[in-house]
Amino acid sequence: MSSQLDCIFCKIVRKEAPAHVVCEDERTLVFMDIFPVADGHLLIIPKAHCDDIFGADPEDLRAVIDRAREVAHAIGRVLAPDGLGIFQLNGAAAGQTVFHYHMHLIPRNHGAGLQIHSRVPGNPERMAEIAKRLGEAIANS
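1. Section: the overall build of the protein
Move 1: Across its full length, the protein carries three helices and five strands.
Move 2: Helices and strands in the protein line up, N terminus first, as α-β-β-β-α-β-β-α.
Move 3: The C-alpha radius of gyration computed for the protein amounts to 14 Å, which stays within 12% of the reference 14 Å derived for 141 residues, consistent with globular compactness.
Move 4: Its C-alpha atoms put the protein at 35 × 35 × 25 Å along the principal axes.
Move 5: Per-residue burial over the protein gives 40% buried out of 141 residues.
Move 6: Contacts spanning at least 24 positions in sequence make up 62% of the contacts within the protein whose residues lie at least 6 apart.
Move 7: One way to put it: in the protein the 14 positive side-chain charges average out to a point 3 Å from where the 18 negative ones average out.

2. Here's the deal with the environment of leucine 61
Move 1: One can find leucine 61 in helix α2 (residues 58–79).
Move 2: Given the relative accessible area of 22%, leucine 61 is considered partly exposed.
Move 3: Setting aside residues up to four positions removed in sequence, leucine 61 forms contacts with Ile53, Ala56 and Tyr101.

3. Some details on the layout of surface pockets
Move 1: There is about 380 Å³ of room inside the largest pocket.
Move 2: Lining the largest pocket are 18 residues, with Phe9, Asp33, Ile34, Phe35 and Val98 sitting closest to its centre.
Move 3: Contributions of two or more residues to the lining of the largest pocket are made by α1 (8–13) and β2 (28–32).
Move 4: Broken down by class, the residue content of the lining of the largest pocket amounts to twelve nonpolar, five polar and one charged.

4. Looking at the pattern of salt bridges
Move 1: Counted according to the given criterion, the structure contains eleven salt bridges.
Move 2: As a salt-bridge pair, arginine 67 and aspartate 25 come within 2.9 Å of each other at their nearest N and O atoms. Highlighted residues: arginine 67 in helix α2 and aspartate 25 in the loop between β1 (21–24) and β2, separated in sequence by 42 residues.
Move 3: A salt bridge links glutamate 129 to arginine 133, with the nearest nitrogen and oxygen atoms 3.0 Å apart. Of this pair, glutamate 129 and arginine 133 are both found in helix α3 (residues 124–139), four residues apart, which corresponds to roughly one turn of the helix.

5. Notes on the nonpolar core
Move 1: Judged by nonpolar contacts, the single largest core of 23 residues is most densely connected at Val22, Leu42, Ile44, Val71, Leu105 and Leu134.
Move 2: Where this core is concerned, the elements lending two or more residues are β1, β2, β3 (42–46), α2, β5 (103–108) and α3.
Move 3: Once residues lying within four places of it in the same chain are set aside, the contact partners of leucine 105 are Gly40, His41, Leu42, Ile44, Ala68, Val71, Ala72, Ile75, Leu84, Gly85 and Ile86.
Move 4: Judged by nonpolar contacts, the second largest core, of nine residues, contains Cys7, Phe9, Ile12 and Leu43.

6. Quick look at unusual backbone geometry
Move 1: Even without being glycine, lysine 15 reaches a positive phi, approximately 65°.
Move 2: Structurally, lysine 15 is set in the loop between α1 and β1.

What counts and how
- Residues numbered from 1 in each chain as written.
- Predicted model: local features only at pLDDT ≥ 70, side-chain atom pairs only at ≥ 80, totals over all residues.
- Heavy atoms only, no water.
- Helix = DSSP H or I, 4+ residues; strand = E, 2+ residues; numbered from the N terminus.
- Rg over C-alpha atoms; globule rule 2.2 N^0.38 Å.
- Buried < 20%, exposed > 50% of the residue type's maximum accessible area, 1.4 Å probe, protein only.
- Contact = heavy atoms within 4.5 Å.
- Lys, Arg positive; Asp, Glu negative; His and termini not counted.
- Charge placed at Lys NZ, Arg CZ, Asp CG, Glu CD.
- 1 Å grid on protein atoms, 1.4 Å probe; cavity = no way out; pocket = protein on both sides within 12 Å on 5 of 7 lines; lining within 4 Å.
- Points joined across faces, edges and corners; volume = space filled by probe spheres on them.
- Nonpolar A, V, L, I, M, F, W, Y, C, P; charged D, E, K, R; others polar.
- Salt bridge = Lys/Arg side-chain N within 4 Å of Asp/Glu carboxyl O.
- Core = buried A, V, L, I, M, F, W, Y, C linked by side-chain atoms within 4.5 Å.

Set out below in structure tokens:
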């Protein structure tokens, strides 16, 4: 659906678009969702472009899930949520809005609604602070 040239996530990978980066390695990039539904809502993407799970390289999928486990532990230590939602949507009918494979990690607390997308931009200072704290927790684990 999208090409690498116009894909916003590819632009973030190439550092042509801003993001609050938590961490990265050779295959994955982790950054804060700019429309968070909760403090600490972040995205994990493979750096190589693919629209969805159906076109993803199996090694990239393994790298994303390995990174998700590592980041989930950091979220638990840093933010101490009551729970953690992990979501991955494929195709517009499933709710996918950016057509570059990505996984949402969303800290959840009792009483919060079950939502994946927001239309309200997050506070940039708060997102930067959380990204820094999570990045440090991952680097020190």
